[in-house]
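Spelled out from the first residue to the last, the chains are:
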Amino acid sequence: MRIVVCVKQVPDVAEIRIDEVTHTLVRAGVPSILNPFDEFAVEEALRIREKHGGTITAVSMGPLQAKEALFKCLAMGVDRAVLLTDVFFAGADTWATAKTLAMAIQKLGYDLIICGMKAVDGETSQVGPEIAELLGMPHISYVKRVEVEMESKSITAERMTEQGYQLIRATMPCLLTATKALNVPRIPTLLHQMAAKKKNVEIMKAVDIGAQREEVGLPGSRTQVTKVYTPQYRTGGGTILTSENLPNAVATLKELLKKERIV
Amino acid sequence: MMVDENSTGIWVIGEEKEGKLAPVTLELLTIGRQLADSLRQELVVVIIGHQLEHMSRLLVDYGPDKILLVAGEETRYFIPETYSEVLSALVEQRKPFAILFPATYDGRDVAARLAAKLGVGLAADCTDLKIDEAGRFVQVRPAFGGNLMAVIHQPTARPQLATLRPRMVKPNKSGRKVSPSVEYIKPRISAKPFTKSLLRTVREVAEESGNLDEAEVVIGVGRGIGSSENMRIVNHLATLLKAAIGGSRGVVDAGWLPHTQQIGLTGRVISPKMYMALGISGAVQHLVGVRTAKEIIAINKDPEAPIFKVATFGIVADMFSVIPLLAKELEPPAPQTT
Ligand SMILES: Cc1cc2nc3c(=O)[nH]c(=O)nc-3n(C[C@H](O)[C@H](O)[C@H](O)COP(=O)(O)OP(=O)(O)OC[C@H]3O[C@@H](n4cnc5c(N)ncnc54)[C@H](O)[C@@H]3O)c2cc1C
């Protein structure tokens, strides 16, 4: 069983601050981490390997620094780590990212592909299903439980919905996207972390996956970001009452509910 | 890549479940009507499913020029591989200018597969869609946990795809007098079907927990609730407020609410009119899920809790004192006994 896990290095969204004066995103000093949803993906791959055997390859597209995210995957226990890095890949939107990853995965070989349900920076939830479509396989998104059946080469998974879940069966090859409900990712020991740093992160460039300049990166992208800005949210600065006169505080709350036509 | 300048029409892909139309469909039609009017193009709504005869009645008031009902055994259940296949055949044939989907679990799945199949762009989880002075379709979407907004164009491919978050616009009856044409289409699945099947659909969320995407009022429960038994008093308040119940990661991890109800970075992003946080500290990872709420009400016994920094109204108090008082205020007066 060949499992491929797609991972991304992202800025720690909780550490991002907005400069009060310039209203721009302060990225300096914001640590880069392995996308939290990808940790669930890696963990699930490890559990599947523990049960059914096979190999796990973690693959990421990004700048050279994204090696750090792959070291974390190696420390968690994946067999192989591949970084797709090339100036040709720069500026990719979801389509170009999915295309690049799909071309690489084609080269790497696969039975099962696992992605995080979204990256916490771009937040699109698109790359996984797009890779599945490009590789001509079914996908099960927002997965909260997985069962692999080796004999029938099939996957049975619970897919999260707004009100519960759907139980879905698909035959492999197949792609899954992982939610937080799937597992609790292991935390690699210091020893494993040090051992991982000595392992090799393989580098693949556009030529290695047979990608033409115009189909990947910015030229291959169908969406263009023409402007970015920091939004102003209409919250905060409200009246905060204490419990000194609780009936009065609650009455004020009721007035507010009335004003908003909620009651 | 060549842009087909003749592509025309704004399409809205509706969401139908168990015979019911998801409210986000009407929101999409409302915004779709504005786009279509600005461009002087037609507005088409597409519903894919099984038995859809009653659908057009629910859609007419919201201004579509055309209603396409794709109904058949093949599309009885939501399978994104099949739905995108059906849509791709329609798109190749009729060449729309833009297609809008709801940013729901299902909507995102079909939109992504369709975009990849057609090789076109897709702007995900948009909060606003408009046409600029040059007649270009503009998509606005948040990124980095809502810290940043990106303005997006798709100059190189048609159709241009976007998913829109629920509750971004109020559904608005168009007031148009022309009645739309209704067309029934049999789904055609040409490519080899995927070996994938839906075995069962399970509802985990209690009826009274409501749909987090749709509810005007959402009650967010934090670890301050202390135990799953205490959820009962929140359920009662939710009934009085017609609120949906969600919660923090702490509450979900404790098993007091199902995973679907987690709000925040690793849960759901919601936009209710009012978010009422009970016993929630207000960690950044939680707050990114409620940034677009109009009002945030905080009840927490710790005056230093960060939730108060984003609250539009707050009470520093024990929630177990506040909830019964509030419930009493909201309960209909008991009938007089003589
Ligand atoms: C990668 C990552 C992703 C995460 N994603 C999410 C996410 O998606 N969603 C999320 O919610 N969190 C998320 N978290 C966790 C987040 O950082 C917080 O730990 C979590 O939100 C805290 O939940 P809480 O407010 O319920 O609990 P606590 O922080 O423990 O706060 C409980 C609050 O209740 C108050 N309280 C206690 N008793 C009472 C009472 N009787 N009356 C009134 N108030 C009372 C306390 O004063 C306290 O402020 C994430 C963390 C990480 C690292």
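Residues numbered from 1 in each chain as written. Chains lettered and ligands numbered in written order. Predicted model: local features only at pLDDT ≥ 70, side-chain atom pairs only at ≥ 80, totals over all residues. Heavy atoms only, no water.

> Would you explain the packing of helix 8 (residues 246–259) of chain A against helix 9 (residues 319–330) of chain B in this entry?
The axes of two packed helices give the description: the angle between them and the distance between them. As a packed pair, helix 8 of chain A and helix 9 of chain B sit with axes 10 Å apart at the nearest point and diverge in direction by 55°. If you check the angle between helix 8 of chain A and helix 9 of chain B, you find them oblique. In this structure, the crossing between helix 8 of chain A and helix 9 of chain B has a hand that is right-handed. Packed against helix 8 of chain A, whose contacting residues are Leu246(A), Pro247(A), Val250(A), Ala251(A), Leu253(A), Lys254(A) and Leu257(A), the element helix 9 of chain B presents Ser321(B), Val322(B), Leu325(B), Leu326(B), Glu329(B) and Leu330(B) at the interface. Here the contact of helix 8 of chain A with helix 9 of chain B is built from residues that sort into ten nonpolar, one polar and two charged. (Axes fitted to C-alpha atoms, helices over the stretch in contact; angles between N-to-C directions. Helix = DSSP H or I, 4+ residues; strand = E, 2+ residues; numbered from the N terminus. Parallel < 35°, antiparallel > 145°, perpendicular 65-115°, else oblique. Left-handed = near helix turned anticlockwise from the far one by under 90°. Contact = heavy atoms within 4.5 Å. Nonpolar A, V, L, I, M, F, W, Y, C, P; charged D, E, K, R; others polar.)

> Before we go on, may I ask you to explain the packing of helix 3 (residues 94–108) of chain A against helix 4 (residues 127–134) of chain A in this structure?
Residues and elements named next belong to chain A. One can describe the packing of helix 3 onto helix 4 by two numbers: an axis separation of 9 Å at closest approach and a directional angle of 50°. Considering their axes alone, helix 3 and helix 4 lie oblique with respect to each other. Like other packed secondary-structure pairs, helix 3 and helix 4 cross with a definite hand, here right-handed. Contact with helix 3, carried on its side by Thr94, Trp95, Thr97, Ala98, Lys99, Leu101, Ala102 and Ile105, involves Val127, Glu130, Ile131 and Leu134 of helix 4 and no other residues of that element. Its residues placed into classes, the contact of helix 3 with helix 4 shows eight nonpolar, two polar and two charged.

> Quick question: what am I supposed to make of the sheet that holds strand 12 (residues 174–178) of chain A here?
Strand pairing in a sheet relies on backbone hydrogen bonds, with the paired strands running either antiparallel or parallel. One open sheet holds the ten strands; their spatial order is 13(A)-7(A)-6(A)-1(A)-8(A)-12(A)-9(A)-10(A)-11(A)-13(B), and the pairing between them is mixed. Pairing within the sheet leaves two strands with one partner each, and these edge strands are strand 13 (201–204) of chain A together with strand 13 (196–203) of chain B. Strand after strand, the sheet turns through a mean of 30° between neighbouring axes, direction not considered. In the sheet, strand 7 (residues 80–84) of chain A pairs with strand 13 of chain A via four bridges, with the strands oriented parallel. Counterpart to Leu83(A) in the pairing with strand 13 of chain A is Ile203(A). Contacting strand 6 (55–61), strand 7 and strand 13 of chain A, helix 2 (residues 67–76) of chain A runs over the sheet at an angle of about 165° to strand 7 of chain A. Contacting strand 1 (2–6), strand 8 (112–116), strand 9 (139–149) and strand 12 of chain A, helix 4 of chain A runs over the sheet at an angle of about 180° to strand 12 of chain A. (Pairing = 2+ DSSP bridges.)

> Before we go on, may I ask you to explain the nonpolar core in this structure?
One recurring pattern in soluble globular proteins is that nonpolar side chains are buried together. Counting residues in each nonpolar core, the largest one holds 53 residues, and the members touching the most others are Val5(A), Val42(A), Ile114(A), Ile140(A), Val146(A), Ile155(A) and Leu176(A). Setting aside residues up to four positions removed in sequence, Ile155(A) forms contacts with Leu112(A), Ile140(A), Val146(A), Glu147(A), Val148(A), Ile168(A), Arg169(A), Ala170(A), Met172(A), Cys174(A) and Leu176(A). Listed in part, the 34 residues of the second largest apolar core include Leu246(A), Leu237(B), Ala238(B) and Ile323(B). (Core = buried A, V, L, I, M, F, W, Y, C linked by side-chain atoms within 4.5 Å. Buried < 20%, exposed > 50% of the residue type's maximum accessible area, 1.4 Å probe, protein only.)

> Mind showing me how you'd approach the site of the ligand here?
All names here are of chain B. Neighbouring the ligand are 24 residues; Ser248, Gln262, Thr266, Ser281 and Asn300 lie closest to it. For the ligand, whose free accessible area comes to 980 Å², the fraction covered by protein is 77%. Among the elements of the structure, helix 7 (284–287) and helix 9 are those that each provide at least two residues to the shell around the ligand. Across the shell around the ligand, the residue classes break down as seven nonpolar, twelve polar and five charged. (Near = heavy atom within 4 Å. Areas by Shrake-Rupley, 256 points an atom, 1.4 Å probe, with all protein chains shown as cover.)

> Got a minute to help me understand helix 3 (residues 80–94) of chain B in this structure?
Side chains of residues three or four places apart in an α-helix project in the same direction, reflecting 3.6 residues per turn. Residue and element names in this part refer to chain B. Here helix 3 spans 21 Å end to end across 15 residues, near enough to the 21 Å set by a 1.5 Å rise per residue. For helix 3, the tally of buried residues reaches eleven of 15 residues, placing the bulk of the element in the interior. Every buried residue belonging to helix 3 is among Pro80, Glu81, Thr82, Tyr83, Ser84, Glu85, Val86, Leu87, Ser88, Leu90 and Val91, and all of these are buried. Positive phi appears at Lys95, one or two residues downstream of helix 3, with a value of about 50°. (Expected span 1.5 Å × (residues − 1).)

> Before we go on, may I ask you to explain the domain arrangement of chain B in this structure?
When the parts of a complex come together, some accessible area is lost, and that lost area is often used as the size of the interface. Residues and elements named next belong to chain B. Structurally, chain B comprises domain 1 (10–185) and domain 2 (217–330). On a C-alpha basis, the centres of domain 1 and domain 2 stand 32 Å from each other. Between domain 1 and domain 2 lies a buried interface of about 580 Å² when both sides are counted; carbon and sulfur atoms form 48% of it. The largest share of the area that domain 1 buries against domain 2 comes from Gly145, Arg165 and Arg167, three residues that together contribute 58% of it. Summed over the shared surface of domain 1 and domain 2, the result is two residue pairs in polar contact (both at pLDDT 80 or more). Its residues placed into classes, the side of domain 1 that touches domain 2 shows three nonpolar, three polar and two charged. (Domains from an automatic or database assignment. Buried area = accessible area lost by both parts, 1.4 Å probe. Polar contact = N/O pair within 3.5 Å; in protein donor to acceptor, adjacent residues only side chain to side chain.)

> Would you mind going over the interface of chain B and chain A with me for this structure?
Listed as interface residues are 98 residues of chain B and, on the opposing side, 84 residues of chain A. Interface area for chain B against chain A, summed over the two sides, is near 8000 Å², with a carbon-plus-sulfur share of 60%. Here chain B and chain A share eight salt bridges between them. A salt bridge links Glu133(A) to Lys117(B); the shortest N-O distance between them is 3.0 Å. For the interface between chain B and chain A, the tally reads 43 residue pairs in polar contact (both at pLDDT 80 or more). Top element by residues in the side of chain B that touches chain A is helix 4 (residues 105–118) of chain B. It accounts for nine residues. Here the side of chain B that touches chain A is built from residues that sort into 51 nonpolar, 25 polar and 22 charged. Note: strand 15 (residues 239–242) of chain A against strand 18 (residues 313–316) of chain B, four bridges, orientation parallel. By the bridge assignment, Leu241(A) is partnered in strand 18 of chain B with Ile315(B). (Salt bridge = Lys/Arg side-chain N within 4 Å of Asp/Glu carboxyl O.)

> What exactly am I supposed to notice about the pairing of strand 1 of chain A here?
The side chains of a regular strand alternate, residue by residue, between the two faces of the sheet. Residues and elements named next belong to chain A. Summarising burial for strand 1: four of the five residues are buried, a large majority. As judged from the five bridges shared by strand 1 and strand 6, these two strands associate in the parallel manner. Looking at strand 6, one finds that Ile3 is bridged to Ile56. One ladder, built from four bridges, connects strand 1 with strand 8; its direction is parallel. Counted as the bridge partner of Val4 is Ile113 from strand 8.

> For this particular structure, what's the right way to read the side chain of Thr30(B)?
All names here are of chain B. Summarising the element assignment, Thr30 is placed in helix 1 (residues 24–39). Overall, the relative accessible area of 7% leaves Thr30 in the buried class. With sequence-adjacent residues up to four places away left out, Thr30 is seen in contact with Tyr62, Val169, Lys170, Pro171 and Asn172.

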